[in-house]
Amino acid sequence: MLEIRLLGAFSIRSGKKSIPLPSRSAQSLFAYLILNAGTAYRREKLAGQLWPDSTEESARDYLRHALWRIRKALRSASLGTCLQADDLTVAIVASADYRLDTAVLARAGECTSADELMETLSSYGGELLPGFYDDWVILEREHLQALFEREMGRLLGLLQETGRWQDMLQWAEKWIALGQRPEPAYRALMSAHAANGDMSRVAAAYERCVKTLREFGVEPSEQTKSLYDDIKSGKHSTAIAPDPTALPPKLVPSSNIPVPLTSFVGRARELKKIAELLSSSRLLTLTGPGGVGKTRLAIRAAAESSKNFRDGASWVSLVGLSDANLVPQEIAESLGVREVSSEPLVQTLITHLRSSQLLLVLDNCEHLIQACARMAEQLLAACPGLSILTTSIEGLGLFNETIWQVPSLPLPGAQLALSLKELREIESVRLFCERAQHASAAFALEERNSSFVSQICQQLDGIPLAIELAAARTKVLSVDEIAARLDDRFSLLTAGSRTAIARHQTLRATIDWSHDLLTDLERILFRRLSVFAGGFTLGAAEHVCSQDMAQGSILEVLGRLVDKSLVIVDPGAAGRDTRYRLLETIRQYGLEKLIAAGEAPTLRQLHVQFYLGLAESSESHLFRPDAMAWIARLDTELENFRSAIEWSTSAGKADLALRMLAALAYFWFSRGFLGSEWNDLVHLALARPEGSQRTSIRAKALNGIGLTCWEDSQVRERLPELEEALSIAEELGDRWNTAMALRYLGLLENIQANYASARPLLERSLEIWQEIGPEADLERAIGLIFVGDLEINQGKRDSAKSLYEESIAGLERVGDLNWRGYAVRRLAHLAWLEGQGQRALTLCKESLDLNMQMADPRGIVACLAGFFSIATSVGDHANAAVLAAGVERQLTSTGIRLLLQDRLEFERNLERLRVELASKAFEKSYAKGQGMTLESAMEFALRAA
């Protein structure tokens with residue numbers, strides 16, 4: 001049987017097996033169909049209903065893709081017959097074997113007793129499909145919400161009629177814990193507490209009600225005010241006496257769980273995980289850096305999990321408590337336990353809790369870690385029905401403890417172009433927008449500010465507190481101004497709530513709290529680790545940070561910083577080192593401490609030396625069989641390379657920056673993002689006094705600029721730089737750089753169609769490589785490719801083919817994949833020019849495979865352009881237009897520029913296609929391709945081939 005959950009989260013299970021359906025659009029479609037099981041919907045109606053903002057063609061494509069994902073998921077559970085779809089209609093079979101949580105809620109009105117109603121309402125896990133904002137979801141959500149509120153009101157009335165005050169308290173709190181603002185629940189709390197004679201809690205319930213409603217700009221209703229006044233004046237009484245058979249409440253129920261003044265955003269996955277861990281572990285500690293949302297998550301988790309404990313949940317806040325000896329008193333006060341003069345308080349607590357089934361929450365344990373550990377160990381050992389949930393910067397360190405690190409909120413991908421609708425579904429963006437609207441009612445997420453909102457969330461690492469503090473600044477700054485000022489975030493983010501605990505009122509205070517709990521040795525390593533950008537390995541930390549520290553001690557202290565949530569562990573893949581990193585906000589704090597300690601220049605120098613060594617060691621591997629492993633390593637260290645280059649350039653050590661840039665030139669080029677960034681960095685270093693010396697390093701860096709000419713149609717300005725590279729190399733007798741400069745001067749002339757000038761330059765380059773001998777064999781194979789390109793441009797196809805084939809043979813001998821992918825693609829180019837469509841396809845697929853192995857983004861897009869050219873050459877115009885749009889979307893969204901021959905062929909075939917295909921037909925097919933990701937475009941290309 002399928003178990004389908006739509007309330008509080010989306011999940012599908014078959015027995016104990018979870019059925020994954022990761023696509024949000026597929027989840028939405030499945031939910032719509034299952035809520036209307038038995039109804040066959042026409043495809044065009046479904047497409048328009050679920051994708052109203054898309055074109056008709058795009059919406060139909062999205063529908064087909066979503067249906068494919070649903071079929072795949074159901075087939076994996078042998079439940080494929082649940083979904084019926086033909087060319088016209090789609091439906092979920094009404095007679096399918098499934099249980100849907102919303103259906104239980106819809107039948108609540110059939111219940112006749114309070115117990116039956118409680119059992120039914122227990123299935124309500126929260127609002128329908130949280131995080132979904134489709135119009136149909138909002139309407140259905142409001143309908144189910146109204147059903148739930150009606151039946152909750154009916155339940156509380158039944159419980160009051162029968163005097164079941166304890167149940168009434170628990171169910172009123174459950175209603176409130178769902179994050180709504182139900183006045184009937186607060187009235188029920190007041191009535192129940194009044195019946196129990198607890199007037200202080202009556203007043204507390206009323207104050208909670210007022211505070212919650214005022215958060216939404218609403219005052220309590222006259223009914224609520226009158227009830228409170230009647231209770232205070234003694235006019236309110238209950239007609240029914242408490243049930244004499246009911247046991248008196250032994251424990252304070254979940255009513256002491258705090259009620260946050262702001263809404264709870266997202267975290268459905270985290271809450272599910274915590275619930276799973278609490279079901280299997282009696283001691284769970286939520287860890288994470290300050291501001292990540294441990295307390296808010298624990299509040300929500302405790303409220304939701306309290307129903308799984310007969311005696312509910314009890315909250316103990318240790319904020320502001322400085323005396324470890326008073327931890328037992330704090331716990332006793334939360335439980336309503338009085339001290340007994342004749343016995344230790346711990347024993348009194350054990351006696352009280354021994355027969356209980358309770359979730360005890362200890363919040364903010366880090367500054368009282370040993371006392372909390374002792375209490376947890378004693379209570380759990382003596383009270384078998386007790387479970388403990390703690391929040392702390394670090395774990396308690398007990399044997400039976402489960403530690404779970406609270407993650408930051410999900411972030412928008414830096415390279416993804418998302419629609420406003422997609423952006424609003426990302427939890428970090430949702431949080432910023434909700435808090436910004438509280439700060440400034442005029443704020444709205446729009447196209448003009450969406451990129452800045454994304455940037456703010458990314459720069460703040462998805463840390464909820466930091467995002468909330470940034471959102472508060474929308475009172476006085478625009479989001480682009482906030483984003484621009486985040487380099488000085490500790491001065492900017494100081495606008496916290498006056499009622500928040502002191503360390504949550506500014507970002508600096510939050511991290512100060514964690515830093516103050518460190519030992520001296522931990523503080524030293526923490527500030528030194530801030531020199532790393534984008535993460536580091538243990539080996540890097542030992543090399544750079546061990547000054548005045550024993551190298552062997554780095555691992556131990558690093559482990560303690562991990563335990564204290566200041567360093568994050570990113571486990572390495574097979575064969576790769578484990579990596580560590582600091583969240584950027586924490587790293588910036590550490591840098592301040594490093595500068596204040598006077599250690600920054602020394603640590604920066606050590607950092608540069610380490611990464612310069614790595615960069616220069618990589619050069620000999622980039623065109624060998626182990627190239628992919630090296631490129632993957634360089635990829636992970638890119639932020640460290642950038643940081644080292646920028647510091648060296650600005651600190652009067654531009655010669656070191658040039659060495660690193662020159663060593664990394666081909667790596668940077670191969671990743672598709674060399675262009676403006678590498679050029680900007682190298683020109684800054686070349687302009688510095690120490691970078692302007694006529695050395696081999698300067699010549700090598702200038703030759704690296706020559707490599708960029710291959711993807712640049714505006715190259716005339718590069719001529720003086722390449723001529724200088726040649727001049728320096730010849731002056732120094734540096735034959736390697738001489739041959740390289742000749743190659744790129746020949747490339748520049750080829751790009752400008754000066755073929756007669758290009759040939760002697762390229763041929764002289766080949767001669768020098770030949771003269772150097774075997775150590776230059778790779779460069780000569782590579783040089784043949786440049787001559788082959790020249791031959792193609794002059795219409796000498798046979799000669800070009802021979803040169804490419806010779807180059808490929810040489811590259812195969814040394815195990816290079818980088819250049820081979822390009823040369824094979826040129827053979828495919830020649831094949832389609834000769835009308836050999838099938839051979840062209842085979843070669844283009846081979847080139848794609850080589851580029852995929854190297855994860856070369858430019859090469860992959862170029863292969864997509866190759867499939868487009870082949871489709872154009874064989875007259876498959878409709879598919880060609882789709883692929884053309886896919887290529888142009890990738891070039892626009894990623895900033896990748898095709899190499900000369902790929903670009904010329906793409907532009908030539910695009911112009912030919914526009915002429916041969918009618919305008920309307922071209923635009924229709926082109927629009928289809930514009931909505932494709934690179935993955936879907938490649939799937940389409942291979943399918944069409």
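Up top is the structure these notes are about.
Residues numbered from 1 in each chain as written. Predicted model: local features only at pLDDT ≥ 70, side-chain atom pairs only at ≥ 80, totals over all residues. Heavy atoms only, no water.

## A short note on the sheet that holds strand E6 (residues 89–92)
(1) Moving on: Taking strand neighbours across the sheet as the criterion, the three strands line up as E4-E6-E5 in an open arrangement whose pairing is antiparallel. Whereas interior strands pair on both sides, the edge strands pair on one side only; in this sheet they are strand E4 (41–42) and strand E5 (83–85).
(2) Moving on: Judged from the three bridges that link them, E5 and E6 form a sheet pairing that is antiparallel. Paired with Gln84 across the two strands is Ala91, which belongs to E6.
(3) Moving on: Running over the sheet, helix H1 (residues 24–35) touches E4, E5 and E6 and is turned about 70 degrees from E6. (Pairing = 2+ DSSP bridges. Helix = DSSP H or I, 4+ residues; strand = E, 2+ residues; numbered from the N terminus. Contact = heavy atoms within 4.5 Å. Axes fitted to C-alpha atoms, helices over the stretch in contact; angles between N-to-C directions.)

## Regarding the packing of helix H33 (residues 719–732) against helix H34 (residues 735–751)
(1) Moving on: At a minimum axis separation of 8 Å, H33 and H34 run at an interaxial angle of 155 degrees. One finds that H33 runs roughly antiparallel with respect to H34. Of the two elements, H33 crosses H34, and the hand of that crossing is left-handed. Between H33 and H34, the residues in contact are Leu719, Leu722, Glu723, Ala725, Leu726, Ala729 and Glu730 and Asn737, Thr738, Ala741, Leu742, Tyr744, Leu745 and Leu748, respectively.
(2) Moving on: When grouped by side-chain class, the residues that make up the contact of H33 with H34 number 10 nonpolar, two polar and two charged. (Parallel < 35°, antiparallel > 145°, perpendicular 65-115°, else oblique. Left-handed = near helix turned anticlockwise from the far one by under 90°. Nonpolar A, V, L, I, M, F, W, Y, C, P; charged D, E, K, R; others polar.)

## Quick notes on the side chain of Ser546
(1) Moving on: Relative to the elements of secondary structure, Ser546 occurs in the loop between helix H24 (538–545) and helix H25 (551–563).
(2) Moving on: According to the relative accessible area criterion, Ser546 is buried, its value standing at 16%.
(3) Moving on: From its side chain, Ser546 meets the backbone oxygen of Glu542 in a polar contact 2.7 Å long.
(4) Moving on: Sequence-distant contacts of Ser546, defined by excluding residues within four places in its chain, comprise Arg528, Ala541, Gln551 and Ile554. (Buried < 20%, exposed > 50% of the residue type's maximum accessible area, 1.4 Å probe, protein only. Polar contact = N/O pair within 3.5 Å; in protein donor to acceptor, adjacent residues only side chain to side chain.)

## Points about the nonpolar core
(1) Moving on: One finds Phe432, Leu529, Phe536, Met660 and Trp710 to be the most contacted residues of the largest nonpolar core, which totals 188 residues.
(2) Moving on: Per-element tally for this core: the top contributor is helix H30 (residues 654–670), with 13 residues.
(3) Moving on: Each residue touching Trp710, except ones within four places of it in the same chain, is listed here: Phe669, Leu747, Ile751, Phe786, Asp789, Trp819, Tyr822, Leu898, Leu899 and Leu900.
(4) Moving on: With 75 residues, the next largest nonpolar core counts Ile4, Leu33, Val90 and Leu213 among its residues. (Core = buried A, V, L, I, M, F, W, Y, C linked by side-chain atoms within 4.5 Å.)

## A short note on the pairing of strand E9 (residues 313–317)
(1) Moving on: With four of its five residues buried, E9 lies for the most part within the structure.
(2) Moving on: Relative to strand E10 (residues 358–363), E9 runs parallel, the two being bridged by five bridges. Its bridge partner being in E10, Ser317 is matched across the sheet by Asp363.

Scope: geometric values only; no functional claims are made or implied.
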